[in-house]
Every structure is written in structure tokens, then in C-alpha cells.
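# Structural overview
In case you want the letters, here they are:
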Amino acid sequence: MTLQQQIRANRLKSTIVVFGFVLLLLLVAGLIGFVFDLSLGVVALAGAAVYGIFALVRSRSMVARLTGAQEVAPDAVRPLRRLVENVSIAAGLPVTPEVRIVDDAAPNAYAAGLRPEKSYIGVTTGLLATMPQRELEAVLAHEVAHIRNRDTYLMTMALVFAGVIALIADIGFRSIAYGGRNRGGGVLVLVVALVGFLLAPYAALLLRLSLSRRREFLADAGAAEMLNDPEAMALALRRLERDSTTVKYAEASTAHLWVESPTDRVDSQRSGVLALSSLFNTHPAIGARISALEDAGGFGLPEQLPFDEPFGIEHQLV
Amino acid sequence: MLWLWILIGVLAVVALFAVVGYNRLVRLRNEVDTGWANIDVQLQRRADLIPNLVETVRAYAAHERGVFEQVTRARTALQQAGTPGTAAEANEGLTVAIGRLFAVAEAYPDLKASENFLQLQEDLTDTEDKISAARRYYNTTVMRFNTGVQSFPWLLVASPLGFDAREFFSARGDTAVPQVSFGTDAT
């Protein structure tokens, strides 16, 4: 597939997944409305909306705190800032995102913020100390692609959706378990409702994770297109894969943000034994991401990574 | 009666497609315009750096008039370029001229060490990087827009509606990789 086709295919799949989220939410709320009272279902939906909006508004500062990203003056990281400017221009972003530094030896990066104008890119000091310019640019382009594709927005939404669904399903489950008001219907209805409430959060989780994996492929393709250099992105991923340090601030709640998953390295390694576990990864296996780039760009990565000087060392940033 | 409804239905579907398609072309055209504005800003920035650069070099090498004239001419050509194609040509011309200027500067160690010169050199490199980034974006938007305009059925009506295919930002015989100007180390 060409990059354009990949981007289109990924967009379509993302739309389907978001649609699935809305459907799931309506289903759970509908189930509550059916088993108990219609108005209760409506109240649940309204409550979900309020909680969702609050979570969305708070998300930007929350992410910065959870990942330990520090604001830095643009002049202090001028060369890095320039790279971000360049990839933003290549992406056609109206505003260059701010750069924040995460003091962490593991090479990784993420993008956050609901709107492109208010977004920032978090970069670990480890990334600056490992990546040569060409590959660092690819990683930054990957993050800028997330911002341009509104992934940061979509993934925050997905997180909120998943949280809300889990919350409502939990309430529904408890209400039945502790014998709430039952509007008739037989035992069968109750059992169906119980199973529904039990499974809904897992369905939401799977949806969220599959969405996250889609967006990673999409951002890889976008970065390759922006720089006109799919090999740079593939090289960067290979370098991330070979590096074995992991992010200190790794948490399940923010794992989906990073360019390389900080938590599921172990999972992807045992995927041969337990193939199902890959369903619970936030990121596709790096190997699959590299092959997608190789297919699109028609090249094969050399076994040996280039020995160029890391960008952060070259420009004395770390 | 049934036929009338079918006719209305078909017309409604056609109208819907027309509206969606038209809006898409408008959006694509706006993207091209934004892309061009991005290049224009950087070209302007590059042109603005030139007088300062020429003055700085002149302070050390006043007799190298030929080079100064070439650079100034190339800058004027860039500022007068009206279309993406001519602008790309003029930009190439300026790259060649600046390359010559830097080659001249090689012979003056004091100039090469001057703070001002180093800063200008860095700014120029940065602007060149940004021009090439803006160009990648612009050319992508042009390609999307042109594909939209040239595909059926828009091909038939695009031109009367004011959607004319746009020009790429590329000089003649240009490749994706910018050419390095004759043997000078411009960095």
C-alpha cells in the first residue's frame, strides 16, 4: 500500500472504532434504561457527558504532570526548537507546538493537547542523547503527525469514553447485584444485563487500544510522508527497539501517548506464546510498524544502524 | 407519481454529491493557498537576510563587486517572481549566488570568524531548511488539489468554476533533493 492509501484506510478504521464507542455507550445506557427506568438511562448519559467534558478540559495539564514534562524556554533548546518548526511547516500546522523536556534516560516522545494551537511535544533527554538528527526529526514528525491528525484529541476522547463506559456499567452492575428497582422482565433480561455490564468495560478497553494502534501506523505514515523519508522513521523505530531502557513515568494511563510503548515491551515479546495478549497492547509491535514503512517506501533496513552523532550531544542539549 | 419521487430522489442525491464535491475542492484550494503563503513567508525572510549579508561581506571584501551584484540581482528576481515556478527558479538562482558569496568569504578568515557573519550563516541555513519543508507541504497540497480538479466529473466543470490546476514549487530539471551549488561548502 502507498502512504496515501494507508492513511485513508487508517482513517476509515478509526471512524468505525469511534462509532463503536458511541454505540457501546448508548448500549450500556440503554440497558440501564431498560432494566431500571428510562429516565435513569438518560441521567446516566447526561452524567457521562458532564464527566467527559470535565476530563477533557483537565487533560492537558494532567498529562504534563503524569509524565513529568518540564516547560523550557525556546532559546534554551534552540536547535531542537528549529527541528520542530521545520516538521510543523512540512505538516502544514498553523502553529509550532511547544517543546517540553522529560528528564528521563529512556528515549521516547509524546504529543498532548486537544487542539493543534495548544499542543506540545514532550521529548525525553534520553531521546536527545540517542537519536541522530535524521531520526530525531522523524520522531518529532511522528508526534506532529499525531497533532495534525487530531490523534491527541481522539485518544483523549477514547480514554474518557472508556472511563465513562466503565463507570456506567459498574453502576448498572452494582444496582442489579444489590437488588435495585426492577421494571419487570424475566430472569433472562437480568442475566443479559449483568453480562452486558460485565463485558462493556473490556469491550471499551479493546476498542481504545485498537484505536491507539491504528493511530500509531497512521502517524508513522504521516511522518514518512512529511519528511519524504520513510527510512528515517524506520531507522528511528529500530533504534528505539534496540534500546532497552524504559520510561520511569510509565503508567498504563499515559502509555498510549508515547512514540514507543513504555509498558508493553514484555507483551510484544511473548506474542508468539500468547497471541491474544497483543490485543491488549497500546502500540503495534515495532517490527510490524517497520515492515509497514518498508512496504510503503520500497526499501529494506540495513542490519547496522548508522553511527551518526546523537543530536543532543552534537548541540550540547544534554 | 412514483416516477416523480424517483426523479426528486435522484436529483437530491446528485445535488448532495455536487455540494460535497464542491466544498472539498474549496478546502483543497485553501490548503494550496495556505501552503503557498508558508513558502512565501520563508522566501521573504530569506530575501530580507540578503542585504545584511552583503553588507557584512562587503566590510571585509569591498572589491568583490561581481559577486555582490549577482546576489543582489538574484534577490530582486526572487522578489519579483510572480508564480511558484518562477519563484522556485529565482530561489535556485539565489542559492547559487549565495554559494558564490560564501566561497568568496572563505578567503577572509576575519570575516569567517565574525559573530555577525556566523549568525547570518546560521539564519540562512535555517531559512533554507524551512523553505524545503514548506515546499514539501505545498507540493503535496498542489498534488491533492490537481488530482481533485483533474478527475471525473470535476474535470468538466472545475475550470469554469474557477478551480484551475496549480503549479508546483519546483525549478526546471529539479529533483526532490536540493542541488548543492558548485563545490562550495555552504554550511
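From a predicted model like this one, the values you see are computed outputs, not experimental measurements.

## Regarding the pairing of strand E4 (residues 120-124) of chain A
Residue and element names in this part refer to chain A.
- The element E4 is largely enclosed, with a buried count of 5 among its 5 residues.
- Judged by which residues are buried, E4 turns out to be covered on both faces: Tyr120, Gly122 and Thr124 on one side and Ile121 and Val123 on the other are all buried.
- Taken together, the 5 bridges between strand E2 (residues 98-102) and E4 define a ladder with parallel strand orientation. Looking at the pairing, Val99 lines up with Ile121 of E4.
- Where strand E3 (residues 109-112) lies against E4, 4 bridges are found, and the strand directions are antiparallel. Looking at E4, one finds that Tyr110 is bridged to Gly122.

## Concerning the nonpolar core
- Formed by 89 residues in total, the largest nonpolar core has its most connected members in Leu80(A), Leu127(A), Leu136(A), Leu140(A) and Phe169(B).
- Setting aside chain neighbours within four positions, we find Leu136(A) in contact with Leu80(A), Leu83(A), Leu127(A), Leu128(A), Met131(A) and Phe311(A).
- Membership of the second largest hydrophobic core comes to 28 residues, among which are Val160(A), Val164(A), Phe197(A) and Ala200(A).

## Points about the interface of chain B and chain A
- Tallying the contact residues gives 15 residues for chain B and 13 residues for chain A.
- Taken over both partners, the interface formed by chain B and chain A buries close to 1100 Å², and the fraction arising from carbon and sulfur atoms is 44%.
- Remark: the boundary between chain B and chain A carries 5 salt bridges.
- With a shortest N-O distance of 3.4 Å, Glu225(A) and Arg144(B) are connected by a salt bridge.
- The interface formed by chain B and chain A holds 6 residue pairs in polar contact (both at pLDDT 80 or more) in total.

Parameters and conventions
- Residues numbered from 1 in each chain as written.
- Chains lettered and ligands numbered in written order.
- Predicted model: local features only at pLDDT ≥ 70, side-chain atom pairs only at ≥ 80, totals over all residues.
- Heavy atoms only, no water.
- Buried < 20%, exposed > 50% of the residue type's maximum accessible area, 1.4 Å probe, protein only.
- Helix = DSSP H or I, 4+ residues; strand = E, 2+ residues; numbered from the N terminus.
- Pairing = 2+ DSSP bridges.
- Core = buried A, V, L, I, M, F, W, Y, C linked by side-chain atoms within 4.5 Å.
- Contact = heavy atoms within 4.5 Å.
- Buried area = accessible area lost by both parts, 1.4 Å probe.
- Salt bridge = Lys/Arg side-chain N within 4 Å of Asp/Glu carboxyl O.
- Polar contact = N/O pair within 3.5 Å; in protein donor to acceptor, adjacent residues only side chain to side chain.

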